[in-house]
Amino acid sequence: MPTAWSVALAAAVELCDPQIDYSQYTIIMIYPYDWPGMGEGGFFIGATLVTDEGQLPYCSIGYISPTPRTVVHELEHCIALPHAHSLKCEGYVYGSNCTHIEYGDSFDVMGLSNGHNNCAYKEMMGWVNPTKVTNGTYTLSMLEYRWSPNDVQCLALDVDSNYNYATSNMRCDKLYLEYRKQVGFDKQLPIPTNGGLALHCMSTVTNQSPYRRSWLLDCTPWSQDSDQLVIIGRTCDTNTGY
């Protein structure tokens, strides 16, 4: 028995079909305004919709009073980005006894802010190409802008970790380092005046989840969560912090 929602979706696709070549797209995004039952903000990845060019998966998002952050957050779920997490470890940065915080990344729109995605998620989307760390010295450009093709926007380092985080049994297998500044979408974030370095760990894909996930690591584990970045002139030891 067709529902009001399925009938509305089919009608919307049929209305647009003569003007759109759906073979040029990989997903249809439906944005119903104030649809009953959608709540303050949410998304739903459905099965498929039938078009003149064949079937396509779809994702619907809806809001009652949308903010720019909520719109971007839900749209990025539709392109397969999960939440941006953090790890809270007592007295150290990274290890076996840490607490998973679901929306804990204070600098990512998939976490608690309206800021840029972290380097790991930008790599997932094909937006940046991290430099793999070997021996040497590296100069990082800011993550927010790429001024030239030779800019290094983030660094990646493979690690061997058996630590599991969250209920999905995720295991960190890569560390990412990025330089953030108060510019653009990051202008209102709690970033030091001269910028700061963010350290993330990234998970392997497991049978429990189709997503790779990132956690912001706190290089000052003994203090408040808003100072997770490494300020210029300081170092971060993944065991002890500064």
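Going by the structure above, here's the rest.
Reading guide: rules and limits
Residues numbered from 1 in each chain as written. Predicted model: local features only at pLDDT ≥ 70, side-chain atom pairs only at ≥ 80, totals over all residues. Heavy atoms only, no water. Helix = DSSP H or I, 4+ residues; strand = E, 2+ residues; numbered from the N terminus. Buried < 20%, exposed > 50% of the residue type's maximum accessible area, 1.4 Å probe, protein only. Contact = heavy atoms within 4.5 Å. Areas by Shrake-Rupley, 256 points an atom, 1.4 Å probe, with all protein chains shown as cover. Salt bridge = Lys/Arg side-chain N within 4 Å of Asp/Glu carboxyl O. Patch = residues over 30% accessible without salt bridge, like charges linked within 9 Å, V, L, I, M, F, W, Y side chains within 5 Å. Lys, Arg positive; Asp, Glu negative; His and termini not counted. Charge placed at Lys NZ, Arg CZ, Asp CG, Glu CD. 1 Å grid on protein atoms, 1.4 Å probe; cavity = no way out; pocket = protein on both sides within 12 Å on 5 of 7 lines; lining within 4 Å. Points joined across faces, edges and corners; volume = space filled by probe spheres on them. Nonpolar A, V, L, I, M, F, W, Y, C, P; charged D, E, K, R; others polar.

Chemist: Teacher, can you tell me more about the overall build of the chain here?
Modeler: In terms of helices and strands, the chain carries three helices and 12 strands. Taken across its 242 residues, the chain has 44% of its residues classed as buried. Considering only residue pairs separated by 6 or more positions, the chain has 56% of its internal contacts joining residues 24 or more positions apart. As displayed, the chain offers around 13,000 Å² of accessible surface, 54% of which is attributable to carbon and sulfur atoms.

Chemist: In this structure, what is going on with the pattern of salt bridges? I would like to understand it.
Modeler: Close approach of charged atoms allows side chains with opposite charge to pair. One pass over the full model with this rule turns up five salt bridges. Through salt bridges with shared partners, a single network forms among Glu 144, Glu 178, Arg 180 and Asp 186.

Chemist: Got a minute to help me understand a nonpolar patch on the surface in this structure?
Modeler: On the surface, Met 29, Ile 79 and Trp 127 cluster together into a nonpolar patch covering about 270 Å² of accessible area. Here Met 29 lies in strand S1 (residues 28–30).

Chemist: Would you mind going over a negative patch on the surface with me for this structure?
Modeler: A cluster of like negative charges, contributed by Glu 14, Asp 21, Asp 52 and Glu 53, occupies part of the molecular surface. Topologically, Asp 21 is positioned in the loop between helix H1 (4–16) and S1.

Chemist: What is the right way to read the layout of surface pockets from this model?
Modeler: Summary: where empty space remains is shown by rolling a probe the size of a single water molecule over the atoms. One number sums up the size of the largest pocket: a volume of about 300 Å³. Residue lining of the largest pocket: 15 residues in total, with Leu 157, Leu 175, Leu 177, Leu 199 and Cys 236 positioned closest to the centre. Of all the elements in the fold, those that place two or more residues in the lining of the largest pocket are strand S7 (154–158), strand S9 (170–180) and strand S10 (196–203). Residues that form the lining of the largest pocket fall into these classes: 12 nonpolar, two polar and one charged. Counted as a void, the second largest pocket has a volume near 210 Å³. Along the walls of the second largest pocket sit Pro 68, Arg 69, Val 72, Glu 76, Val 109, Asn 114, Gly 115, His 116, Asn 117 and Phe 185, which together make up its complete lining. Taken together, the residues of the lining of the second largest pocket break down into four nonpolar, four polar and two charged.

Chemist: Whenever I open this one, the environment of Val 128 confuses me. Can you help?
Modeler: Positionally, Val 128 belongs in the loop between helix H3 (119–124) and strand S6 (131–132). Judged by relative accessible area, which is 11%, Val 128 ranks as buried. Expressed as a C-alpha distance, the spacing of Val 128 and Leu 143, which sit 15 residues apart in the sequence, is 9.0 Å. If near-sequence neighbours (up to four positions away) are discounted, Val 128 is found in contact with Cys 119, Lys 122, Glu 123, Gln 153 and Cys 154.

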